[in-house]
Amino acid sequence: MIPNEVTLIDFPKILDPRGNLSFLQNNAQIPFEIQRVYWIYDVPGGEQRGGHAYRTLQEIIIALSGSFDVVIYDGVKERRISLNRSYYGLYVPKMLWRHMENFSTNSSAFIVADQAYDENDYIRDIKEFQREKIDQ
Ligand code: TYD
């Protein structure tokens, strides 16, 4: 199943008195094969990350610790999703403008992507995003 909507995905949660454990695996808990992971941390108060869209990349954003908001803009309306647990993630398909903000102290964002880093896949200008979205 490849959702084409922004979707929250619950990961398995292995409860344990020693500490809980969650996981994700290619094509099992997530709808694609992982090519890359990266993480964002030590975000100073009030900062934003990730103001751009991807032409073809799909990803899952997880609040591995702390909390932050993911703001998604589809070219028409904006939606804010607060992430604050490490046992679920936000699936974000291609061609959505997204940024992250309201990072709590010591929070970290863990991003799982289906493609290697490719600057040519980024749309970093919002007007260009709106143009490409209309042409879709
Ligand atoms: P970028 O994705 O633009 O971060 P943000 O959208 O949060 O500002 O990445 C910032 C810089 O890091 C950019 O110059 C490219 C580099 N980068 C890599 O080299 N590899 C990666 O996997 C990522 C995500 C970024």
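## Digging into the overall build of the protein
Thought 1: Along the protein, the regular secondary structure elements total one helix and 12 strands.
Thought 2: Tracing the protein from N to C terminus, the helices and strands come up as β-β-β-β-β-β-β-β-β-β-β-β-α.
Thought 3: In terms of overall size, the protein behaves like a compact globule, its C-alpha atoms giving a radius of gyration of 15 Å where 136 residues would be expected to give roughly 14 Å.
Thought 4: Viewed in the frame of its principal axes, the protein has a C-alpha envelope of about 50 × 35 × 25 Å.
Thought 5: Relative to its 136 residues, the protein shows a buried fraction of 41%.
Thought 6: Taking all contacts inside the protein whose residues are at least 6 apart in sequence as the whole, residues at least 24 apart take part in 75%.
Thought 7: Surface summary for the protein: the accessible area is close to 8,000 Å², and the carbon and sulfur share equals 48%.
Thought 8: Charge-centre separation for the protein: the mean point of 15 positive side chains lies 3 Å from the mean point of 19 negative side chains.

## A closer look at the environment of Ala 63
Thought 1: Looking at the secondary structure, you find Ala 63 in strand β6 (residues 59-65).
Thought 2: Exposure remark for Ala 63: the relative accessible area of 1% places this residue in the buried category.
Thought 3: Measuring from C-alpha to C-alpha, the distance between Ala 63 and Asn 84 comes to 5.8 Å, with 21 residues separating the pair along the chain.
Thought 4: Other than its neighbours up to four places away in sequence, Ala 63 contacts Phe 68, Leu 83, Asn 84, Arg 85, Ser 86 and Ser 108.

## Regarding the sheet that holds strand β4 (residues 36-41)
Neighbouring strands of a sheet are bound in pairs by backbone hydrogen bonds; such pairs are parallel or else antiparallel.
Thought 1: The five strands lie next to each other as β1-β9-β6-β11-β4, forming an open sheet whose pairing is antiparallel. A strand with exactly one partner marks an edge of an open sheet, and here the two such strands are β1 (7-10) and β4. On average, each strand axis in the sheet is inclined to that of its neighbour by 25°, with strand direction left out of account.
Thought 2: In this sheet, strand β9 (residues 88-92) lies alongside β1 in antiparallel orientation, the contact comprising four bridges.

## Regarding the site of the ligand
Thought 1: Around the ligand sit Arg 36, Tyr 38, Arg 49, Gly 50, His 52, Tyr 117, Tyr 122 and Arg 124, and that is every residue in its neighbourhood.
Thought 2: Measuring from an oxygen atom of the ligand, one finds a backbone N or O atom of Gly 50 at 2.9 Å.
Thought 3: Contacts to the ligand include Tyr 122, whose side-chain N or O atom sits 2.6 Å from an oxygen atom.
Thought 4: The set of elements that each furnish at least two residues to the shell around the ligand consists of β4 and β5 (49-54).
Thought 5: Considering every element that reaches the shell around the ligand, the biggest residue donor is β5, with three residues.

Conventions adopted
- Residues numbered from 1 in each chain as written.
- Predicted model: local features only at pLDDT ≥ 70, side-chain atom pairs only at ≥ 80, totals over all residues.
- Heavy atoms only, no water.
- Helix = DSSP H or I, 4+ residues; strand = E, 2+ residues; numbered from the N terminus.
- Rg over C-alpha atoms; globule rule 2.2 N^0.38 Å.
- Buried < 20%, exposed > 50% of the residue type's maximum accessible area, 1.4 Å probe, protein only.
- Contact = heavy atoms within 4.5 Å.
- Areas by Shrake-Rupley, 256 points an atom, 1.4 Å probe, with all protein chains shown as cover.
- Lys, Arg positive; Asp, Glu negative; His and termini not counted.
- Charge placed at Lys NZ, Arg CZ, Asp CG, Glu CD.
- Pairing = 2+ DSSP bridges.
- Axes fitted to C-alpha atoms, helices over the stretch in contact; angles between N-to-C directions.
- Near = heavy atom within 4 Å.
- Polar contact = N/O pair within 3.5 Å; in protein donor to acceptor, adjacent residues only side chain to side chain.

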